[in-house]
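As a plain string of letters, each chain reads:
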Amino acid sequence: MNDFWNTILEFAETTTIRVGKQLMQDFGKVQATQKPDGSLVTKSDKWADQEIRDAIVSTFSGYGILSEESEQTFPDTEWCWVIDPLDGTTNFTRGLPIWSISLGLLYRGTPIFGYVYVPPLNQAFYGFWAGSSGLQTPTGAFLNHHPIHTSKDIPSKNHFFNLCSRSTGIIQPGFPCKIRMLGVASYNFLTVATGALLGGIEATPKIWDIAAAWVIVQAAGGTWLSLNSMSFPLSPGMDYSDRSFGTMVVSNLGLVPIFTPFLSRLKL
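Conventions we followed
- Position numbers for residues start from 1 in each chain and track the written sequence from start to end.
- Where totals are concerned, whole chains, interfaces and linings use all residues; where local detail is concerned, this predicted model gives features only for residues with pLDDT of at least 70, and gives and counts side-chain atom pairs only at 80 or more.
- Here the side-chain values reflect all heavy atoms present in the structure, with hydrogen atoms and water set aside.
- Secondary structure counts use DSSP, requiring at least four H or I residues in a row for a helix and at least two E residues in a row for a strand, with both numbered from the N terminus.
- Based on C-alpha atoms, the radius of gyration is set beside the globule rule, defined as 2.2 Å times the residue count to the power 0.38.
- By the convention used here, residues are in contact when the closest approach between their heavy atoms is within 4.5 Å.
- We score Asp and Glu as negative and Lys and Arg as positive, and we do not count His or the chain ends.
- The location of each charge is read from NZ of Lys, CZ of Arg, CG of Asp or CD of Glu.
- Exposure is judged per residue with a 1.4 Å probe applied to protein chains only, and the accessible area is read against the type maximum: over 50% gives exposed, under 20% gives buried, and values in between give partly exposed.
- The rule is short: rings of Phe, Tyr and Trp, with Trp giving its six-membered ring, pair when the centres are within 6.5 Å, and they are stacked under 30 degrees, edge-to-face over 60, tilted in between.
- Two strands pair if DSSP finds at least two bridges between them.
- Note on definitions: angles span 0 to 180 degrees between N-to-C directions of axes, and those axes are lines fitted to C-alpha atoms, for helices only across the stretch in contact.
- We define a salt bridge as a side-chain nitrogen of Lys or Arg found within 4 Å of a carboxyl oxygen belonging to Asp or Glu.

Description of the overall build of the protein
So, step 1. A tally of regular secondary structure across the protein gives six helices and 14 strands.
So, step 2. Radius of gyration (C-alpha) of the protein: 17 Å, near the 18 Å computed for a compact globule of 268 residues.
So, step 3. If you line up the protein on its principal axes, its C-alpha atoms span 55 × 45 × 35 Å.
So, step 4. Contacts spanning at least 24 positions in sequence make up 61% of the contacts within the protein whose residues lie at least 6 apart.
So, step 5. Between the mean site of the 18 positive side-chain charges and the mean site of the 21 negative ones, the protein shows a separation of 11 Å.

What to know about unusual backbone geometry
So, step 1. Put simply, Phe232 and Pro233 share a cis peptide bond, and its omega is 5°.
So, step 2. Relative to the elements of secondary structure, Pro233 occurs in the loop between β13 (223-226) and β14 (247-250).
So, step 3. The backbone phi angle of Arg108 is positive, close to 50°, even though this residue is not glycine.
So, step 4. Along the chain, Arg108 falls in the loop between β5 (100-107) and β6 (110-118).
So, step 5. Even without being a glycine, His145 presents a positive backbone phi close to 75°.
So, step 6. For His145, the position within the fold is in the loop between β8 (140-143) and β9 (146-147).
So, step 7. Residue classification places His145 among the partly exposed positions, given a relative accessible area of 44%.

Overview of the side chain of Gln123
So, step 1. When you line up the elements, Gln123 lands in strand β7 (residues 123-128).
So, step 2. Other than its neighbours up to four places away in sequence, Gln123 contacts Val116, Tyr117, Val118, Leu143, Asn144 and Tyr187.

Side note on the packing of aromatic side chains
So, step 1. In the structure shown here, the tally under the stated rule is 27 aromatic pairs.
So, step 2. An angle of 75° between the planes, with centres 4.7 Å apart, marks the rings of Phe4 and Trp5 as edge-to-face.
So, step 3. Residue class for Phe4 comes out partly exposed when judged on its relative accessible area of 30%.
So, step 4. Judged by its relative accessible area of 4%, Trp5 falls in the buried class.
So, step 5. Ring geometry for Trp5 and Phe128: centres 5.7 Å apart, planes at 85°, overall edge-to-face. Of the two residues, Trp5 is situated in helix α1 (residues 3-26) and Phe128 in strand β7; the sequence distance between them amounts to 123 residues.

Looking at the pairing of β14
So, step 1. Alternating positions in β14 separate into two faces, Thr247 and Val249 on one and Met248 and Val250 on the other, with burial throughout.
So, step 2. Here four bridges tie strand β12 (residues 199-202) to β14, and the two strands are oriented antiparallel to one another. Among the inter-strand pairings, Gly200 is bridged to a residue of β14, identified as Val249.
So, step 3. The pairing of β13 with β14 spans four bridges and is antiparallel. Of the residues in β14, the one forming a bridge with Thr223 is Val250.

Some details on the sheet that holds strand β11 (residues 178-180)
So, step 1. Taken together, five strands build an open sheet; the order of strands is β11-β10-β12-β14-β13 and the sheet is mixed. Two strands in the sheet have a free side with no partner beyond their single neighbour: β11 and β13. Within this sheet the neighbouring strands show an average axis-to-axis angle of 20°, counted without direction.
So, step 2. The strands that helix α4 (residues 185-193) touches are β10 (160-162), β12, β13 and β14; relative to β12, the one it contacts most, it runs at about 160°.
So, step 3. Packing of helix α5 (residues 207-219) onto the sheet brings it into contact with β13 and β14, and relative to β13 it is tilted by some 140°.

Observations regarding the sheet that holds β5
So, step 1. With mixed pairing, the seven strands of this open sheet are ordered in space as β3-β4-β5-β6-β7-β8-β9. Edge strands, defined here as strands with exactly one partner in the open sheet, are β3 (64-67) and β9.
So, step 2. Of the pairings in the sheet, the one linking β6 to β7 comprises six bridges and is antiparallel in character. Bridging across to β7, Tyr115 finds its partner in Tyr126.
So, step 3. Contacts from α1 reach β4 (79-87), β5, β6 and β7 within the one sheet, and its direction differs from that of β6 by about 35°.

Quick notes on the pattern of salt bridges
Once their charged atoms are close, side chains differing in charge can pair, the charge on each being opposite to the other.
So, step 1. Within this structure, the stated rule accounts for four salt bridges.
So, step 2. We note a salt bridge from Arg18 to Glu51, for which the minimum N-O separation is 2.7 Å. With Arg18 in helix α1 and Glu51 in helix α2 (residues 43-59), the pair connects residues that are 33 residues apart, well separated along the chain.
So, step 3. In this structure, the salt-bridge partner of Arg108 is Glu78, at a minimum N-O distance of 3.1 Å. Of this pair, Arg108 sits in the loop between β5 and β6 while Glu78 sits in the loop between β3 and β4; the two residues are 30 residues apart in sequence, bridging distant segments of the chain.
So, step 4. Since its relative accessible area comes to 56%, Arg108 is described here as exposed.

Any functional reading would require information beyond the geometric quantities listed.
In structure tokens form, the structure reads like this:
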């Protein structure tokens, strides 16, 4: 990797480790309040958001920031960091050890680098995906610096498929896999990137839930399907606080026709 991408990766790693150490001290010990959209927020979310934003401002001059807990209007900048300081707040407050810190780096509105750190499991996922950006990026997806790849398996009752609480309508007779529900949008999709699961659905994720995972899944060989009109690139000046990116991820393109028929009952 050249110096630029090394700087990006090192920043994401050191920042999420530092923030994660403090969040582990708060894990299972803080109370949450409900936001207007019904999701939960804690003082830990807000603290982590401020810490990450301060780190970005001091390291990347002129880069924009889009964050779940503060700046929700996409800026008119060539580069923008998208932050989810604590994905899985309900799990975090209840002492369930699946929650993450998610950082996505967008170039002209489209993610090209993603980093997701899961402190309780000591798992760090990252990936680079240049797509049609024209950038010369490194390639691949990684877990704790080891390459990861999606599965090439054919679905069976011994394979898993992830859902969110709003996508259970797809559970119908004949569904080819066992169902799991993890409660964290980013981790839902990252388990597909590792090959542990064959697919997953999030009916109403926000941009900060998926920006990093979007890169990692595709860099690992997965297929990402948008289930509504929301897609990339993002639009400068648009408020993304109430915009959902309904998504299905599958481990390879050949699984699309197998799982697509079950989407008919999905409410986005």
